[in-house]
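Here are the chains, one letter per residue:
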Amino acid sequence: MYQEIKSLDCNGERLLAFQKDDKWALVSPDGFRTLTPYKYSMMIDLSVLSSNGIVTYWNTESYPLIAILENGKWGFINEQGKEAIAPIYDHDDVYGAGDCPNFIDGYAAVKLNGKYGLIDMQGKTVLPFEYWYFEERVSDHPAIYYNARKDAGDGLSGPDELLSTKGKKLIDKEYYSFGEICDSMVVVWAGEYSNIKYGVYDLKTKKEIFLGAYEEVRNLGQKLGDKWGFVKLDGSVLVTPKYNRAYQFGKDRLAVVDVSANDIGRYECVNFLGKTVTTQEYNHIDYYPEEYNGFYCREVNIYDQGKYRYGYINYRGQEIVPCEYSEDEAKRLLDIYLREHGYISD
């Protein structure tokens, strides 16, 4: 008997993985041929993982490799069960499958002997294993970058580097660290930890914007005192800081702002002119919009009489599904709306 059976997508072919005695083997689509021995602690379909191993989005391509964990080390096999990249890369049991390497644009961030680097799909090292810190940064395109840090060699950490998925250094100037990325704008932290200056760096023009003018910059909203607002890219004020928190603008040209007067979260949306466009306050508004063939909408909810009521707003802040349904029913009504207006079809 098998403990578990799951399907895997590799190189456009649907395969099977069988688990027996806590070990996995790759099996042919018909279930009759075992392609590998039962020796893997994990066997993971890369097409359903983000680069840090957490299932947050679906990759659009079918990868020619399957991630495997053998004797506590990550490696990769192909659809025939042949070893493509030897299992030599570090794994931390604390994270389970959460540190599974994944390929983005043909390159994967992996850890070897405690240091991070990049490899290609043939297992060739394209970025040396000399980084002790390597974290994914996701912009709103979506595009993915890496915030990496080397050991300075004197027991202290060196400045951070912003790298492309192919290991290219994107900013030559040294910064203490990097924050959120929106389009070509990157939040930068300059100075030392005890005296950080915040600003924005434009990857297109290679210029800093309003560095040091604000106490903190996150999600491209700016903080003065204990309030958040927005500035234009020339540093002039768009929205005077007055919110408890301000989140970055999405592709629908709206930003979520926190207008809570107490511990209960209350949120609105503002547009590029700094005008509030939502007709009421919500307990939650999705920070990023959903897109359907160029149409944008966000899920909202209100907590009322011991339960949440859900709805959807459009890019103008108008409720296209009134905020009065269960979450499943609101999704069903959104689907009807999208079909009636031609944004999706069968």
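Parameters and conventions
Residues numbered from 1 in each chain as written. Predicted model: local features only at pLDDT ≥ 70, side-chain atom pairs only at ≥ 80, totals over all residues. Heavy atoms only, no water. Helix = DSSP H or I, 4+ residues; strand = E, 2+ residues; numbered from the N terminus. Expected span 1.5 Å × (residues − 1). Buried < 20%, exposed > 50% of the residue type's maximum accessible area, 1.4 Å probe, protein only. Arc of directions from axis to C-beta. Contact = heavy atoms within 4.5 Å. Pairing = 2+ DSSP bridges. Phe/Tyr/Trp six-rings, centres within 6.5 Å; stacked < 30°, edge-to-face > 60°.

Undergrad: Go over helix α1 (residues 327-340) with me, naming the residues and quoting the values.
TA: Compared with an ideal rise of 1.5 Å per residue, which puts 14 residues at 20 Å, α1 spans 20 Å between its outermost C-alpha atoms and is within 8% of the ideal. Those residues of α1 not exposed but buried are Ala330, Leu334, Tyr337 and Leu338. For α1, the angular spread of buried residues about the axis comes to 95°, placing them on one side. Of the residues in α1, the exposed ones pointing more than 90 degrees away from the buried face are Asp328 and Glu340. Against β26 (290-292), β27 (295-304), β28 (307-314) and β29 (319-325) lie the buried residues of α1.

Undergrad: How would you summarise the sheet that holds strand β23 (residues 254-258) if you had to cite specific residues and measurements?
TA: Spatially, the 3 strands line up as an open sheet ordered β22-β23-β24, and their pairing is antiparallel. Sheet topology places β22 (245-246) and β24 (267-271) at the edges, where each strand pairs with a single neighbour. Pairing geometry for β22 and β23, over 2 bridges, is antiparallel. If you follow Ala246 over to β23, its bridge partner there is Val257.

Undergrad: Would you mind going over the packing of aromatic side chains in detail, with residue names and values included?
TA: Pairs of aromatic rings are described using the distance from one ring centre to the other and the angle between the two planes. According to the stated counting rule, one finds 17 aromatic pairs in the structure shown. With centroids separated by 5.6 Å and ring planes inclined at 65°, the aromatic side chains of Trp189 and Tyr198 adopt a geometry described as edge-to-face. No difference in accessibility class separates Trp189 from Tyr198, as the two residues are buried. Judged by centre distance (4.2 Å) and plane angle (15°), the ring pair of Tyr247 and Tyr287 falls under stacked. Pair noted here: Tyr247 is in the loop between β22 and β23 and Tyr287 is in the loop between β25 (284-285) and β26, with a separation of 40 residues, a long-range link.

Geometry only, nothing functional implied.
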